[in-house]
Amino acid sequence: MTTDSLLPLRDVTSHLRVLGEHYVGVREIPVDRIVGSVNRSVDFDRFFRTGKRHLRQRLEALREAFGDRPMPPITVYEAGGLYFVNDGHHRVALARQ
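Calculation criteria
- Residues numbered from 1 in each chain as written.
- Predicted model: local features only at pLDDT ≥ 70, side-chain atom pairs only at ≥ 80, totals over all residues.
- Heavy atoms only, no water.
- Helix = DSSP H or I, 4+ residues; strand = E, 2+ residues; numbered from the N terminus.
- Buried < 20%, exposed > 50% of the residue type's maximum accessible area, 1.4 Å probe, protein only.
- Polar contact = N/O pair within 3.5 Å; in protein donor to acceptor, adjacent residues only side chain to side chain.
- Core = buried A, V, L, I, M, F, W, Y, C linked by side-chain atoms within 4.5 Å.
- Contact = heavy atoms within 4.5 Å.
- Pairing = 2+ DSSP bridges.
- Axes fitted to C-alpha atoms, helices over the stretch in contact; angles between N-to-C directions.

### Things to note about the side chain of histidine 89
Secondary-structure assignment places histidine 89 in helix 3 (residues 89-96). Judged by relative accessible area, histidine 89 falls into the buried class, the value being 4%. Polar contacts involving the side chain of histidine 89 include one to the side chain of serine 37, which spans 2.6 Å.

Below you can see the structure in the form of structure tokens.
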């Protein structure tokens, strides 16, 4: 893993004492605290940029589909005050742009 890599959740939780998980509802989170992924850490870097052509095309399609309208919420896990995306990687990438 390079310093630009997106953190895999499993690497972080293997160093923490995880006591469980619970749903906290829909809430706003700071995009700069989203640092990793549950299962797609190889698709994006730590800034949620991608070098993969098909993923860039997906980003453009989402940008066109939503325009200035709000996008649906993402699903994340929180560990130690940092957030890891389970669903919504492309939406995070658009928000970071």
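Still more to cover.
### Quick word on the nonpolar core
Ranked by size, the top nonpolar core spans 13 residues in total, and within it Ile34, Phe44, Phe48, Val85, Val92 and Ala93 carry the most contacts. At the level of secondary structure, the elements contributing two or more residues to this core comprise helix 2 (53-66), strand 4 (82-87) and helix 3. Val12, Val35, Ala79 and Phe84 belong to the second-largest nonpolar core, a separate cluster that totals 5 residues.

### Side note on helix 3
Counted residue by residue, helix 3 has 6 buried out of 8 residues, so it is predominantly covered. Along helix 3, the positions that sit buried rather than exposed are His89, His90, Arg91, Val92, Ala93 and Leu94. Next to the buried residues of helix 3 lie strand 2 (34-37), helix 2 and strand 4.

### What to know about the sheet that holds strand 2
Across the sheet, 4 strands lie side by side as 1-2-4-3; this open sheet has mixed pairing. Across the chains shown, the open sheet's two edge strands, defined by having one partner strand only, are strand 1 (7-8) and strand 3 (75-79). Here 2 bridges tie strand 1 to strand 2, and the two strands are oriented parallel to one another. Within strand 2, the position partnered with proline 8 by the bridge is serine 37. This element, helix 3, spans strand 2 and strand 4 of the sheet and lies at about 130° to strand 4.

Read these as geometric descriptors, not functional statements.
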